[in-house]
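Chain by chain, the residues:
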Amino acid sequence: MTAPAPQPAEDLRGFLADVRARIMRRAGARAAVWTATLVIAAAMAAPLFALTTTSGRPILWLAVAVVAAILVAGIACGIVLPGRRWKKDDDVAREVGAHAPAIASDLLSSVQLAVDGAPPAGAGSPALIAALVADTATRVRSLSPRTAVPGKSAHGLVAALLVTVAVAAGITLAAPGAVARGYARMWIAPPPSPFDGASVTPAPIVADIVITLTPPAYTGLPPRVVRSSTGDFSAMPGTRADITATALSPATTAQIIFGKSAPHQKLTMDVTGRELSARITVDKAAVYRFLVEDQDGERRVEGHTHTIAIDPDEKPKIQLFAPARDLDVHGRKRIELAYIAEDDHGLDKIELVWSQEGEEKRKPVRLGETGVKTAQAKFLWDLQEVSIAAGQAVAYHLEATDTDTVSGPKIGVSETFYLRILSARDRHERVIDRQRRGFETMVRLLGSRLVVAGSDIGGHETLNRETRSLAAELGGIVADMASDPLAPKKLATLLGEMGQRLDALAGDEHEILTDAEVRARKDKEPSPRIRRRLERSDHAHTEELEDDVIVLIDWIDRQEMELLLAISDDIQTHRKHVAELFAQYERTHSPEILAEIQRELATIEHKLGELSEHQSSMPADVLDRFVNVEALVDNKQENCLAEVKELIAAGQVAAAKKKMAECEKAIAGTASALETALGDLRGEAFPREQRAFGEVMNELADLGESQREIAAETDDIWKRYADRAREAMRDQAGATRDAVSGLVDELEAEIKAVPADGLTPFSRDELAVAASRVKDVRAMLAEGDIAEALAMARHAETSLETVAGDLMAAGERGAGPWQSRTVRAQEAVSAAQATAAELVRQLAQSTPTPEEIMSPEDRARLGKLASRQRSVQKRAERLAHKAKNLAGDLPGQVGSQLAEKLAATGDTMRRAGQRMQKRDPAGARARARDAADALAEAASSARDAARRRLSPGRSERGDETVRIPGADEYKPPATLREDLLKAMNKEHAPDGYGEVVKRYYEELIK
C-alpha cells in the first residue's frame, strides 16, 4: 500500500500551481489588450482604406484576414504558448528562483527530488530529501505568487488601447458618413463595370454622326435626316433610327452602349474601316455612347452621353356640337350632332358614347377615310337606340381614337352633353291620375254625406276637414293643369270653381260646428236647431258633390279617350309615312329607305303596345258604352307587323308592302273606332259642345266641297290652256330646242363644276335639285313641251338663287370650320345663275301669253269662277266670325284656331280670285288648289284642336330631327327651304318665318 505524499510536497505543489496561474493570467491579459488594440485599429482603418478604392470588397476580406490573424495570435500568445511554457513545475520553480534567488536552488531541488515524483536512483537519503522539502516548504510559505513572480508593467499596452479607442471614436464622430460609406462599400458588392473594362475617355472617339429617322407607318410622315455633332435627336416611339458615324481611329469592333450606368444594353455596330453603322427602334427616352476597340485591342468608351428624346403622339382633339348642352326632347326623335376632330398623325374612328343607368353604349360615327388628320361632319342620332323611360337623363359625348399602332391607340374625349326624353302625354297622364284620385275622394265624401246623422258632431267635424282637404287638392290639380299643354282649360276652370264652392260650403259648416251651443253641449245630443242646420249643410254638400262627380268623371273619361286617340294619331302618321317610304323604295331601291321603313315599323309596334296598355287601363264601362272593342288593337296587328319585318329581312319587299296594306286596314279600323267613340262620348256627356262642333264642321265641309269644285274647274281650264300652248308651239318647238340646247349643256356643265368641298350640306342638296330640274328641261324640250320646260327652268333658277344666298350667308359669317373654300363655289354658282337666267329669258320669249292661247269660252269661265270664288271667300269669312263667337261652346281650342285658319284661307281665296280676274290660268289653278288644301287642313286642325293635340295641324310622328339651332355653320332645317319656296308662291311668309323670308329676298335682289 502506497503511503500518502508528505504534506510539504503538497504545499510546494500548490504554491507552484498558484504561481503558474498568475503567470497565465498575466500573459492572457497582456495578449487581450494588444489584441483589442490591433482589432480596433484594423476595424477603423479598413473603411478608410475602402473609400480610396473603387471596390471595398477586397479591403473587407483583408480586414477580416487581419482581424483573424490578430485573434489567432492573441490566443496563441495569451493561452497556448504560456500553457506550454509553464506546464512543468521545475520551469515554474526556475521562474520563481529567478525572482527569489535565496530559495532558487532548494526549491528547484525539492521539485526535482520530491514534488515531480519519486527521487531518482542515487539521489541520496530519503530522510534528507524529506528534510529539504520540508524546509523549502516552510520557507516558501513566506512567499506569495505576486511577490514570487512580480508582474511586468502593462501601462503602455493599456495606454495604446485607450489611444486607439479615442482615435476611433474621434474619427467616427467627426466623419460618420464617411465611415458608413466605407463600411457600405466593403459590405455591398460593387456593380460590374458598365463598360466591360473599357477605359473611359473624355475625348471624342467618333465624328460625323448622322441619324436617319423613319417614323412609324401609321403617321404617314416621310423619313428625315438629322446631322448632329452631338448625336442628340428626338423621335416618336416606333421610329426606326439608322445611326452612322466615323471612328477617329481604325476600329475592329464597335458598340452602342445605352444607359448612364449598369445595367445597360449593348448594340453591336457594323464596322467598315472607320465607318460605323447600326439601326435601333426608338421606344423610350434614353442616352447612349459609343464604345470602340482599335486594332491594338484597346477598348475606349466616350465619357459623355448622347440623348434620345421622345416626341409624344398627342391624343386626338374632338369638339361636339349639339342643339343644346342640356337638351329636353319630346318623343323618340333624331338629334342632329356635329363634330370637328383632329389628330397630329391620323384618326382611326369616332364613336358616340352615352351612359344610361350605369351602362355605357357606343355607336360608330361616320369618319370617312381612316387616317385623316382632320375631320368634320354632321350626323343624326336616332333616339330609338336609347332605351330609357321618359324623364330620365342620358349623358353623351364623342370619343376620337387615333391610329397609333406602336404605343396603342389614344383616345380624345369631347365635352359631355345631356339629354332628357320628355313626353307631354306622360305628364298629362299624371294629371289625369291625380284627377281620378280627386274623383275617388269625391265619391267617398258623397257616400259619407248620405249616411251621416245630423246628431253626429264628431262625424261632421271629420267630413268638414276632408272637404277642406278636397278643396285644396282641387286647387293643386288646377296648378298642375296650368303646366300641362294637353289639359283642357275648360276643365281647369270647372275644377277651380268646384274647389271654391266646396271650400265655401265647408266654411259655412265650420261656423255651425263652432257655434257656442255646440261647444257648450259637446258631450250631449245637439239641439234640434243645430241638427236641422247640419242636415241642410249635408244636403247642400250632397247636391254639390253629386254634380261634381258627374262632371269630373265625364271629363276624365273624355281625356282617357283622347289619350287613346293621340296614340292612334301617331300610329296613323307613321303608317302613312311607311306607305310613302315603300313608294320611294320602289323607285330608288335605296338601302337607306329600307332601313327607315324598318325603323318606322319598330315605332308602330312600340305605339301599338302603348295603345294596348292605355286601352287596358280604361274603365270597362266606358269601353262597353262607347267603343267597339273588336276594332281595338289586339295581338293580330302586332303579329301582322312582325310578318312585314320578316319579309323585309328576307328581301321580299314587294310582299312586305302587300302585307303592310293588310295591316293598315286593321290599324285604320282602330283609329276610326276611337274617333267615333270620342264623338259619341262628347255627344252624351257634352251635348251642347258636340252640337256646336258638329254644326261648324258641317259648314266647313260644305265650304271645302265648294272650293274643291272651283279648284277642279280651274284645273280643267289650265289643262286646256296647256294643251293649246303645246299645240301653238309645236311648230317652233324644234327651233326653240335648237336655240337653247347649248345653254342647257352649258348650265349642266357649270352646275357639275361647282366644287363640292365649298358647299354647305344645305347648298349641296339644293344644287342637286337644280341639276335635276335642268334634266327635266332637257326632257321637256325633247317632248316639245316648251311651257313645261320653261317652268322647270324657272325651278332650276330658283334653286340656284337659294344656293347662292346660302353661300353668301356662309361667307358673311366669316372663316370657320364650315365655311372654308366657299369662294370658288360662289363664283361657280354665280356663273350658273347667269346661264340659267338667260335660259329662262329665251324660253319665255318663245312662249305665248295666256291671252293669246286661251279660248274666249275659257276666259269667260275664269271670270265666272272669280265671282264664285268671291262668294266662297265671303262664306269663309262668315264661318270664321261664327267660330270665334262660339269659341266658348266649342271643344278645346277649336273656335280660336279655326277662326285664324279661315282668315288665312280667305286671303288665299282673294288672291285666287285676282288671278282668275286677270285671266291667269296657272296662277288661278295654284291659288285655288292652295285654298282647297287650306280648308282641308283647317278641318283637320279643328278636329285636332277638339282633342287638344300638343301641336295641332302638324305631323305627330314625333321623330322629326332636332337640328342645331342658330349655328351659322350648320345646315338649316329642310322645312325652311320648303316654307321659303311656298312663301315665294303664296306671296306671304309662313308663320314664324317673316324676318327670314325678308332677309332672304333682300339677298336675292342685291
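As the structure is a prediction and not an experimental result, all values here were calculated from the model. (Residues numbered from 1 in each chain as written. Predicted model: local features only at pLDDT ≥ 70, side-chain atom pairs only at ≥ 80, totals over all residues. Heavy atoms only, no water.)

**Student:** Tell me about the overall build of the protein, and please be specific about residues and values.
**Tutor:** Helix and strand counts for the protein come out as 27 helices and 22 strands. Going through the 1006 residues of the protein one by one, you find that 43% of them count as buried. A sequence separation of at least 24 residues applies to 75% of the contacts in the protein between residues at least 6 apart. In the form shown here, the protein has an accessible surface area of approximately 50000 Å², with 54% of it arising from carbon and sulfur atoms. (Helix = DSSP H or I, 4+ residues; strand = E, 2+ residues; numbered from the N terminus. Buried < 20%, exposed > 50% of the residue type's maximum accessible area, 1.4 Å probe, protein only. Contact = heavy atoms within 4.5 Å. Areas by Shrake-Rupley, 256 points an atom, 1.4 Å probe, with all protein chains shown as cover.)

**Student:** I'd like a description of the sheet that holds strand β2 (residues 206-214), backed by residues and values.
**Tutor:** The five strands are arranged β3-β2-β5-β9-β8 in an open sheet whose pairing can be described as antiparallel. Two strands bound the open sheet, and with one partner strand each, they are β3 (224-227) and β8 (270-272). Strand-to-strand twist in this sheet, taken as the mean axis angle between neighbours without regard to direction, amounts to 20°. Examined bridge by bridge, strand β5 (residues 240-247) and strand β9 (residues 275-281) share seven bridges and lie antiparallel to one another. In the strand pairing of β9, alanine 241 is matched with isoleucine 280. (Pairing = 2+ DSSP bridges. Axes fitted to C-alpha atoms, helices over the stretch in contact; angles between N-to-C directions.)

**Student:** Summarise the nonpolar core; cite the residues concerned and give the values.
**Tutor:** One finds Leu700, Leu703, Leu898, Leu902 and Met916 to be the most contacted residues of the largest nonpolar core, which totals 38 residues. Put simply, the parts of the chain that give this core at least two residues each are α18 (687-753), α23 (856-885), α24 (894-917) and α25 (921-946). In terms of residue count, α18 provides more of this core than any other element does, 13 residues in total. Excluding residues within four positions of it along the chain, methionine 916 makes contact with Ile710, Thr714, Leu862, Leu865, Ala866, Gln869, Ala924 and Ala928. With 32 residues, the next largest nonpolar core counts Leu747, Ala770, Ala836 and Leu843 among its residues. (Core = buried A, V, L, I, M, F, W, Y, C linked by side-chain atoms within 4.5 Å.)

**Student:** Lay out the side chain of aspartate 858 with the relevant residues and their values.
**Tutor:** Relative to the helices and strands, aspartate 858 is located in helix α23. Among the polar contacts listed, one links the side chain of aspartate 858 to the side chain of arginine 720, at a separation of 2.9 Å. Sequence-distant contacts of aspartate 858, that is, excluding residues within four places in its chain, are made with Ile717 and Arg720. (Polar contact = N/O pair within 3.5 Å; in protein donor to acceptor, adjacent residues only side chain to side chain.)

**Student:** Help me get a handle on the environment of leucine 470, residues and values and all.
**Tutor:** In this fold, leucine 470 is placed in helix α10 (residues 457-482). The exposure class assigned to leucine 470 is buried, which follows from its relative accessible area of 2%. Linking leucine 470 and phenylalanine 439, residues 31 residues apart in sequence, is a C-alpha distance of 9.6 Å. Residues in contact with leucine 470, not counting those within four places in the same chain, are Gly438, Thr441, Met442, Leu445, Leu502 and Leu545.

**Student:** Give a description of helix α7 (residues 155-174) that names residues and reports values.
**Tutor:** Between its terminal C-alpha atoms α7 stretches 28 Å, which fits the 28 Å expected from 20 residues at 1.5 Å a residue. What α7 keeps buried is the set Leu161, Thr164 and Ala168. Along α7, the residues classed as buried sweep out an arc of 65° about the axis, all on the same side. Exposed side of α7, more than 90 degrees from the buried face: His155, Gly156, Leu162, Val163, Leu173 and Ala174 are the residues found there. Looking at the buried positions of α7, the neighbouring elements they touch are α1 (7-51). (Expected span 1.5 Å × (residues − 1). Arc of directions from axis to C-beta.)

**Student:** Any chance you could break down the pattern of salt bridges for me, citing the residues and the numbers?
**Tutor:** Considering all chains together, one arrives at 37 salt bridges under this definition. Notably, a salt bridge pairs glutamate 586 with lysine 657, separated by 2.8 Å at the nearest N-O pair. With glutamate 586 in helix α13 (residues 528-588) and lysine 657 in helix α17 (residues 653-685), this residue pair connects regions lying 71 residues apart in the sequence. Relative accessible area serves as the criterion here: at 48%, glutamate 586 is assigned to the partly exposed category. (Salt bridge = Lys/Arg side-chain N within 4 Å of Asp/Glu carboxyl O.)

**Student:** So, helix α21 (residues 822-845): which residues are in play, and what are the values?
**Tutor:** Under the 1.5 Å per step criterion, the end-to-end length of α21 is 35 Å for 24 residues, consistent within 8% with the ideal 34 Å. Among the residues of α21, Thr822, Ala825, Ala828, Val829, Ala832, Thr835, Ala836, Leu839, Val840, Gln842 and Leu843 are the ones counted as buried.

**Student:** Talk me through the packing of aromatic side chains; I want residue IDs and the actual numbers.
**Tutor:** Under the definition given, this model contains six aromatic pairs. Relative to tyrosine 288, the ring of phenylalanine 258 lies with its centre 6.4 Å away and its plane at 45°, an arrangement referred to as tilted. Here phenylalanine 258 is found in strand β6 (residues 251-258), whereas its partner tyrosine 288 is found in strand β10 (residues 286-294), with 30 residues between them in sequence. Put simply, the rings of Trp354, Trp381, Tyr396 and Phe417 touch in pairs and so form one group of aromatic residues. (Phe/Tyr/Trp six-rings, centres within 6.5 Å; stacked < 30°, edge-to-face > 60°.)

**Student:** Can you break down the environment of arginine 841 residue by residue, with the values?
**Tutor:** Here arginine 841 shows up in helix α21. Judged by relative accessible area, which is 40%, arginine 841 ranks as partly exposed.

**Student:** Summarise the packing of α10 against α13; cite the residues concerned and give the values.
**Tutor:** Running from N to C, α10 and α13 cross one another at 35°; their axes reach a closest spacing of 12 Å. Crossing angle aside, the handedness with which α10 passes α13 is left-handed. Along its contact with α10, which presents Ile457, His460, Thr467 and Leu470, the element α13 presents Ile530, Leu534, Asp538, His541 and Leu545. Of the residues that constitute the contact of α10 with α13, the class distribution is five nonpolar, three polar and one charged. (Left-handed = near helix turned anticlockwise from the far one by under 90°. Nonpolar A, V, L, I, M, F, W, Y, C, P; charged D, E, K, R; others polar.)

**Student:** Before we move on, could you go through the confidence of the model for the protein and cite the residues and values that matter?
**Tutor:** Counting all residues, the mean pLDDT for the protein is 77, and 81% of those residues have values of 70 or more. Overall, residues 814-818 carries pLDDT values under 50, and its contacts beyond four positions in sequence, including any with other chains, amount to 12 contacts. (pLDDT = per-residue confidence, 0-100.)

**Student:** Can you break down the pairing of strand β19 (residues 393-402) residue by residue, with the values?
**Tutor:** For a regular strand, side chains alternate in direction, first toward one face of the sheet and then toward the other. Judged by how many residues are buried, β19 sits mostly within the fold: eight of 10 residues are covered. Here β19 runs beside strand β20 (residues 411-413); their pairing, made up of three bridges, is antiparallel. Within β20, the position partnered with threonine 401 by the bridge is isoleucine 411.

**Student:** Residue-level account of the pairing of β9, with values.
**Tutor:** The alternating pattern of β9 places Leu276, Ala278 and Ile280 on a buried face and Glu275, Ser277, Arg279 and Thr281 on a face that is not buried. Summarising the sheet, β8 and β9 pair through three bridges and their orientation is antiparallel. Following the sheet pairing, aspartate 270 is matched in β9 by serine 277. In sequence, β8 turns back onto β9 through a hairpin of two residues, with glycine 273 there showing a positive phi of about 65°.

**Student:** Residue-level account of the environment of arginine 325, with values.
**Tutor:** Positionally, arginine 325 belongs in the loop between β13 (317-321) and β14 (326-330). When sequence neighbours within four positions are dropped, the list of residues in contact with arginine 325 reads Glu415, Phe417 and Tyr418.

**Student:** Describe unusual backbone geometry, naming the residues involved and giving the relevant values.
**Tutor:** Look at aspartate 208: it is not a glycine, yet its phi comes out positive at around 55°. Within the fold, aspartate 208 resides in strand β2. Here aspartate 208 falls in the exposed class, since its relative accessible area comes to 59%.

**Student:** Quick one: what's the story with the packing of α1 against helix α8 (residues 176-187), residue by residue and with numbers?
**Tutor:** The contact between α1 and α8 brings their axes to 8 Å, and the two run at 80°. As summarised for this structure, α1 and α8 are arranged roughly perpendicular, according to the angle between their axes. Of α8, the residues touching α1 (which contributes Ala43, Ala46, Pro47, Ala50 and Leu51) are Ala178, Val179, Arg181, Gly182, Tyr183, Arg185 and Met186. When the residues that make up the contact of α1 with α8 are grouped by side-chain class, the tally is nine nonpolar, one polar and two charged. (Parallel < 35°, antiparallel > 145°, perpendicular 65-115°, else oblique.)

**Student:** So what's going on with a nonpolar patch on the surface? Residues and values would help.
**Tutor:** Side chains of Ile75, Ile79, Val80 and Leu81 sit close together on the surface and give an oily, nonpolar patch of about 350 Å² of accessible area. Assignment of secondary structure puts isoleucine 79 in helix α2 (residues 57-85). Assessed through its relative accessible area of 52%, isoleucine 79 is described here as exposed. (Patch = residues over 30% accessible without salt bridge, like charges linked within 9 Å, V, L, I, M, F, W, Y side chains within 5 Å.)

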